[in-house]
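# Inside the fold
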Amino acid sequence: MKRARLILPQEYISALEEVLGIPLSDESVRTREAKKQLEKFATSVEEVSKGLTTGRDQFLARKYLKDPEIRKAYALYYTTTNFLKPFIPLKELFINRVLNSPLHALDLGAGTGAAALGLLHFLHQSDFKSEVHLTLVDAVEQNLADATKIIKAYAKTLPFTVTIETRTKNIADRDLSFAKEFDLIMMMNTLNELDASGDQQLLQMFTSSLRTDGAILLIEPAARPSSRRLLQFRDIAADTKFTVYAPCTRQDGCPALLDESDWCHTEVSWERPAFIKFIDDLIGTLRLSLKYSYIVLNNNGETLHGRLGHQRLSRVVSEVLDEKGRVRFFLCNEQGRTEHIANKRDKSEANADVRQLERYDLVQNDNIEVREHDNRITEASTVNIVLPNTGARY
Ligand SMILES: C[S@@+](CC[C@H](N)C(=O)[O-])C[C@H]1O[C@@H](n2cnc3c(N)ncnc32)[C@H](O)[C@@H]1O
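Residues numbered from 1 in each chain as written. Predicted model: local features only at pLDDT ≥ 70, side-chain atom pairs only at ≥ 80, totals over all residues. Heavy atoms only, no water.

For soluble globular proteins, the rule of thumb is that nonpolar side chains tend to be buried together. Ranked by internal contacts, the top residues of the largest apolar core, which has 115 residues, are Leu 108, Leu 119 and Phe 206. The dominant element in this core, judged by the number of residues it contributes, is helix α6 (residues 114–125), at eight residues. Two domains each provide a minimum of three residues to this core, namely domain 1 (10–303) and domain 2 (314–387). Those residues within four positions of Leu 108 in sequence are excluded, and the remaining contacts are Val 137, Ile 171, Leu 176, Phe 178, Ile 185, Met 186, Met 187, Met 188, Thr 190, Met 205 and Phe 206. Membership of the second largest hydrophobic core comes to 13 residues, among which are Phe 329, Leu 331, Ala 342 and Val 383. (Core = buried A, V, L, I, M, F, W, Y, C linked by side-chain atoms within 4.5 Å. Buried < 20%, exposed > 50% of the residue type's maximum accessible area, 1.4 Å probe, protein only. Helix = DSSP H or I, 4+ residues; strand = E, 2+ residues; numbered from the N terminus. Domains from an automatic or database assignment. Contact = heavy atoms within 4.5 Å.)

Right, let's get into the domain arrangement of the protein chain. Examined at the domain level, the protein chain breaks down into domain 1 (10–303) and domain 2 (314–387). On a C-alpha basis, the centroid separation for the pair domain 1 and domain 2 is 32 Å. Taken residue by residue, the interface counts 15 residues in domain 1 and 13 residues in domain 2. Roughly 1,200 Å² of surface becomes buried between domain 1 and domain 2 when both sides are summed, with 54% attributable to carbon and sulfur atoms. (Buried area = accessible area lost by both parts, 1.4 Å probe.)

Here we come to the pairing of strand β5 (residues 210–221). For strand β4 (residues 182–188) and β5, the ladder comprises six bridges, and the chain directions are parallel. Looking at β5, one finds that Ile 185 is bridged to Ile 216. Running through helix α8 (residues 199–209), the crossover from β4 to the neighbouring parallel element β5 is right-handed. (Pairing = 2+ DSSP bridges. Right-handed = clockwise from strand over helix to strand, strands pointing away.)

Moving on: the environment of Tyr 12. Within the secondary structure layout, Tyr 12 lies in helix α1 (residues 10–20). Measuring from C-alpha to C-alpha, the distance between Tyr 12 and Tyr 154 comes to 5.6 Å, with 142 residues separating the pair along the chain. Ignoring any residue separated from it by four or fewer positions in sequence, one finds Tyr 12 in contact with Ala 75, Thr 79, Thr 80, Phe 83, Leu 117 and Tyr 154. In terms of polar contacts, Tyr 12 uses its side chain to reach the side chain of Thr 80, at 2.8 Å. (Polar contact = N/O pair within 3.5 Å; in protein donor to acceptor, adjacent residues only side chain to side chain.)

Counted according to the given criterion, the structure contains twelve aromatic pairs. With a centroid separation of 4.4 Å and an interplanar angle of 35°, the aromatic rings of Tyr 12 and Phe 83 are classed as tilted. Here Tyr 12, found in helix α1, pairs with Phe 83, found in the loop between α4 (68–82) and α5 (87–93); they are 71 residues apart in sequence, far enough to count as distant. We classify Tyr 12 as buried; its relative accessible area is 0%. Considering the side-chain rings of Tyr 74 and Tyr 78, the 5.0 Å spacing of their centres and the 20° angle between planes classify their relative orientation as stacked. (Phe/Tyr/Trp six-rings, centres within 6.5 Å; stacked < 30°, edge-to-face > 60°.)

Looking now at the site of the ligand. Not every one of the 20 residues close to the ligand is listed here, only the nearest: Gly 109, Asp 138, Asn 170, Ile 171 and Asn 189. With the chains in place, 92% of the 590 Å² that the ligand exposes on its own is no longer accessible. Here the shell around the ligand is built from residues that sort into ten nonpolar, seven polar and three charged. (Near = heavy atom within 4 Å. Areas by Shrake-Rupley, 256 points an atom, 1.4 Å probe, with all protein chains shown as cover. Nonpolar A, V, L, I, M, F, W, Y, C, P; charged D, E, K, R; others polar.)

Relative to the elements of secondary structure, Glu 339 occurs in strand β12 (residues 336–343). In this structure Glu 339 comes out as buried when scored by relative accessible area, which is 17%. Residues Glu 339 and Val 316, 23 residues apart in the sequence, show an inter-C-alpha distance of 9.8 Å. Among the polar contacts listed, one links the side chain of Glu 339 to the side chain of Arg 328, at a separation of 2.7 Å.

Let us now look at helix α10 (residues 274–283). By the burial criterion, the buried members of α10 are Phe 275, Ile 276, Phe 278, Ile 279, Asp 280 and Ile 283. The inward-facing, buried residues of α10 abut α1, α2 (32–51) and α4. Gly 284 lies just past α10 and shows a positive phi near 85°.

As structure tokens, then:
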């Protein structure tokens, strides 16, 4: 199976060039002038990258995106490396379903607009022709001003109407409410900056702000602490009245949380632009693929496997290791998170899809031999990829 790589739309790159005043095409990145400009951006990207890992609490307390140089660098590097992350979860969310029009979307912790921009790209790819009304919320007013500029520059290239409303507000405030309900609430790379003591209140705000057929998309970095923070939030949501639509194929507690060393994330291949490679090479970051954790929740009981017409499915939640004589991977489903072994001598037509598997594929499997420490895929087992993780590594 040929897997597609995700590609940034040229219109987005042009919007960034227009707002940041820097040439970003692959050819211009080779010029001395552009390199000099990118080196300056790279210094601030490095500051963010280090700040979000070591000395994190002080860095967050400083509201790092208030600094104009950091905000520009964030828009250039992080908005670009985050732009495509909503694409696959949104594909899963809207599969076999007509998009509401007009569409009302909320982006919490909008920063310089990556989640909202990613939504617009998805809608464009989905042939959406109606109106999108975006509401952006962030504690830092200057973020919202910059996000608005980038979104406007991108939106003018799109064949549908985009309106933007902004609110400078602390997401943790008790009185955060909206005069309307949303089809989609997105929060990307922000939950890990919020105190977990406010999770119940956040869920209440989700409930009162969501249409009955609406959904919540949460995306967090694939690093263990932020991924586990998201999985813990998922469990609290599932314990109240939320349904986990995707990526999970179970509603019970997340099995990755049972062992401190586990977490769960997808990995999607993309065409890394030359300006991101230039910065990566300079400061040692490496965005060869897009790795992130996501959860889609709703309040209406719908699940992705139900939407696909299946009673139950499994998600590949690890790398698929092709070893001498066997293939190994973890599947997550109603039974838990279990290692599966497919010996090459047991290869058959019914389990042929094992050789095509990628992390985060959704599979239907039957007749698996359950063993004490793992499960064995026998010659009689069936393994069918029902929904491939588009853009998976190949
Ligand atoms: C890492 S950035 C993510 C920005 C954007 N969503 C993205 O993925 O590129 C986190 C954002 O959340 C905002 N934020 C953090 N805590 C917040 C809070 N309590 N209320 C409102 N915004 C908050 C920050 O100002 C920042 O813009």
